[in-house]
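Remarks on the overall topology
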There are 2 protein chains.
Amino acid sequence: MMVYTSLENSKIKELKKLQKKKYRDATGLFLVEGEHLVLEAYKAGLLKTLILEENTFYPLSIDTISVSSSILTHLSLLEHAQPVMGVCRKKKEEEIQGNVMMLEDIQDPGNLGTIIRSAVAFHIDTLILSPSTVDPYNEKVLRATQGLNFHLNILQQDLKEAILTLKEKKYQIIGTRVTHGKNIKQLKEIQPFALIMGNEGKGMSDAILELCDEVVYIDMDPRCESLNVGVAASILMHDLDK
Amino acid sequence: MMVYTSLENSKIKELKKLQKKKYRDATGLFLVEGEHLVLEAYKAGLLKTLILEENTFYPLSIDTISVSSSILTHLSLLEHAQPVMGVCRKKKEEEIQGNVMMLEDIQDPGNLGTIIRSAVAFHIDTLILSPSTVDPYNEKVLRATQGLNFHLNILQQDLKEAILTLKEKKYQIIGTRVTHGKNIKQLKEIQPFALIMGNEGKGMSDAILELCDEVVYIDMDPRCESLNVGVAASILMHDLDK
């Protein structure tokens, strides 16, 4: 089997580019690192090509390329490259179904990771991200969620348009603010719902807040000015998961 | 006013040592960096000495030392040292009161920071840390909580002993597991309570679980194997905050 050893090889150059969002968007492909994520991508039907360090065996019958350890290090964003990587196809956007979480311009990959993990935990089916939200195929998000995002229908869409579609489908649109609105504990059972979280610093924009049927907050001691957005989103999703 | 400029000065050497838990434990002192934390420590009555970069003014009438910018960089754990730092006395341990959160061997400063922030938000008064839990005066914890820990009564104590004391005071002891026990949503109002969270990897020890009156879990989709301990603790505290 041929082993790729040159950083100048066009195939390797193409793979390297997938570290950047621009190229992931252009090709619809992304990289995963490590056995667990590769296996999760395979089970989700997203694994396109297996990348193995030479002399490594991994029992998946799928298109495979073999690379030297220096190529692996070149392609990896981890401190210590792992001998198994994969090229995957992004999950196809499906029609909106089930309960929905919408994110307006969340910037931090760790926060998106926390929200994805809790969304799977608390039975959210569809995640709608504003175009300026951090890429769910960013390697830090993938690592934080360990493939849980493969279980969600993730759409990237203008939120105003998405809300109009959701309203036609009789969704209740629930906005969030740090204070004001209705205490989440007082909210009656709502199905189906679309819960919206805003940007880490600025919160939700007024333009989106105006379109909401309800605005909720988490009641807390005023000495704690706000919670991390991932923590707040998790509390709200848990409360809404009836 | 005298300006400290030498790294070899014994006063500066003493301050530098406070970056280590061993010396914080031995002296009962800790360092804070930046105006906000210094002010919060001052308001809590914990600020002992103000450390200012020469030619910086900060309007607190308290013992002050002036240092060169290289000394400031030497004492700082931030990428960019700030011109205001402080030496503080650890908050005195008070008698247990109000609702209690107990942590068994939490290792990650970020997780402890999240838990402290949510504890203040959801009306926990006392935090009891097992001796192997990360130091709440660790600079990462201080930075994550921005002084919110000055609002909590934090004790460091053997958890078994603490539980015996709490039982005498008629506290309900609530343990946590990822599965098994009672769904937190089914738990009736309990006052006063002591909620226990376990270590990130291992969870709670059997020895402590045995002493609990109730064991609760957060109901979730099994595809999400577990939540981050800071997120889980926040959800539970919010649910118990009636």
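Calculation rules
Residues numbered from 1 in each chain as written. Chains lettered and ligands numbered in written order. Predicted model: local features only at pLDDT ≥ 70, side-chain atom pairs only at ≥ 80, totals over all residues. Heavy atoms only, no water. Helix = DSSP H or I, 4+ residues; strand = E, 2+ residues; numbered from the N terminus. Buried < 20%, exposed > 50% of the residue type's maximum accessible area, 1.4 Å probe, protein only. Areas by Shrake-Rupley, 256 points an atom, 1.4 Å probe, with all protein chains shown as cover. Lys, Arg positive; Asp, Glu negative; His and termini not counted. Charge placed at Lys NZ, Arg CZ, Asp CG, Glu CD. Pairing = 2+ DSSP bridges. Phe/Tyr/Trp six-rings, centres within 6.5 Å; stacked < 30°, edge-to-face > 60°. Contact = heavy atoms within 4.5 Å. Buried area = accessible area lost by both parts, 1.4 Å probe. Salt bridge = Lys/Arg side-chain N within 4 Å of Asp/Glu carboxyl O. Nonpolar A, V, L, I, M, F, W, Y, C, P; charged D, E, K, R; others polar. Domains from an automatic or database assignment. pLDDT = per-residue confidence, 0-100. Axes fitted to C-alpha atoms, helices over the stretch in contact; angles between N-to-C directions. Parallel < 35°, antiparallel > 145°, perpendicular 65-115°, else oblique. Left-handed = near helix turned anticlockwise from the far one by under 90°.

When helices and strands are tallied, chain A shows 9 helices and 12 strands. The buried share of chain A, reckoned over its 242 residues, is 51%. Looking at chain A as shown, the accessible area adds up to about 11300 Å², and 48% of this sits on carbon and sulfur atoms. Of the charged side chains in chain A, 28 are positive and 33 negative; the average position of the first set lies 2 Å away from that of the second.

The next thing to look at is the sheet that holds strand β1 (residues 3-4) of chain B. Residue and element names in this part refer to chain B. Across the sheet, which stays open at both edges, the 5 strands sit in the order β1-β4-β3-β5-β2 with mixed pairing between neighbours. Lying at the two open borders of the sheet, with one neighbouring strand each, are β1 and β2 (29-33). Taken together, the 5 bridges between strand β3 (residues 47-53) and strand β5 (residues 84-89) define a ladder with antiparallel strand orientation. By the bridge assignment for β5, Leu47 is matched with Cys88.

What the rule picks out here adds up to 4 aromatic pairs over all chains. Centroid distance Phe30 of chain A to Phe150 of chain A: 6.0 Å. Interplanar angle 45°. Geometry classified as tilted. In this pair, Phe30 of chain A is assigned in strand β2 (residues 29-33) and Phe150 of chain A in the loop between α6 (139-145) and β8 (153-156), connecting sequence segments 120 residues apart. Taking the relative accessible area as the measure of exposure, Phe150 of chain A reaches 4% and is therefore buried. Taking the centre distance of 4.4 Å and the plane angle of 40° together, the rings of Phe30 of chain B and Tyr137 of chain B count as tilted. Residue Phe30 of chain B is located in strand β2, and its partner Tyr137 of chain B is located in the loop between β7 (124-129) and α6 (139-145); the two are separated by 107 residues in the primary sequence. As far as burial versus exposure is concerned, Phe30 of chain B and Tyr137 of chain B are alike and both buried. A connected cluster of aromatic rings, assembled from ring pairs, spans Phe30, Tyr137 and Phe150 of chain A.

Interfaces are often sized by the amount of accessible area the parts lose when they come together. Taken together, the 26 residues of chain A in the interface contact 26 residues of chain B. Of the roughly 2300 Å² buried between chain A and chain B on both sides combined, carbon and sulfur atoms contribute 60%. Summed over the shared surface of chain A and chain B, the result is 0 salt bridges. When residues of the side of chain A that touches chain B are traced back to their parent elements, those giving at least two are α5 (109-121) and α9 (229-240) of chain A. Partitioned by chemical class, the residues of the side of chain A that touches chain B number 11 nonpolar, 8 polar and 7 charged.

To continue, consider the sheet that holds strand β11 (residues 193-197) of chain B. All names here are of chain B. Within the open sheet, the 7 strands sit side by side as β8-β7-β6-β11-β9-β12-β10. Their pairing is parallel. Two strands in the sheet have a free side with no partner beyond their single neighbour: β8 (153-156) and β10 (182-183). Alignment of strand β6 (residues 99-103) against β11, held across 4 bridges, turns out to be parallel. Pairing of Met101 across the sheet is with Leu195, part of β11.

The next thing to look at is the domain arrangement of chain A. Residue and element names in this part refer to chain A. As far as domains go, chain A holds domain 1 (3-89) and domain 2 (99-240). Counting residues at the interface gives 13 residues for domain 1, matched by 10 residues for domain 2. Of the roughly 1100 Å² buried where domain 1 meets domain 2, counting both sides, 65% is carbon and sulfur surface. Counting the contacts that link domain 1 with domain 2 gives 1 salt bridge. One salt bridge connects Arg24 with Asp135, and the closest N-O pair in it is separated by 2.8 Å.

Let us look at the confidence of the model for chain A. Here chain A shows a mean pLDDT of 94. Residues at 70 or above account for 100%. Scored as a whole, the predicted complex attains pTM 0.93, and scored at its interfaces, ipTM 0.92.

Another point: the pattern of salt bridges. Summed over the entire model, instances satisfying the criterion amount to 20 salt bridges over all chains. The closest approach of N and O atoms between Asp221 of chain B and Arg223 of chain B, which form a salt bridge, is 3.2 Å. Of the residues examined, Arg223 of chain B reaches a relative accessible area of 40% and is grouped as partly exposed. Through salt bridges with shared partners, a single network forms among Lys21, Asp25 and Lys90 of chain A.

With that out of the way, let us pick up the packing of helix α5 (residues 109-121) of chain B against helix α9 (residues 229-240) of chain B. Residues and elements named next belong to chain B. Between α5 and α9, the least distance of the axes is 8 Å, while the angle of their chain directions is 15°. Considering the angle they form, α5 stands roughly parallel to α9. As for the relative orientation of α5 and α9, their crossing is right-handed in sense. Where α5 approaches α9, its residues Asn111, Thr114, Ile115, Ser118 and Ala119 are matched on the opposing element by Val229, Gly230, Ala233, Ser234 and Met237. Its residues assigned to classes, the contact of α5 with α9 comprises 5 nonpolar, 5 polar and no charged.

What follows covers unusual backbone geometry. All names here are of chain A. Of the consecutive residues Gln191 and Pro192, the connecting peptide bond is found in the cis state with omega at -15°. Despite not being glycine, Lys170 has its phi angle at roughly 65°, a positive value. Examined against the element boundaries, Lys170 turns out to sit in the loop between α7 (159-168) and β9 (172-176). In this structure Lys170 comes out as exposed when scored by relative accessible area, which is 66%.

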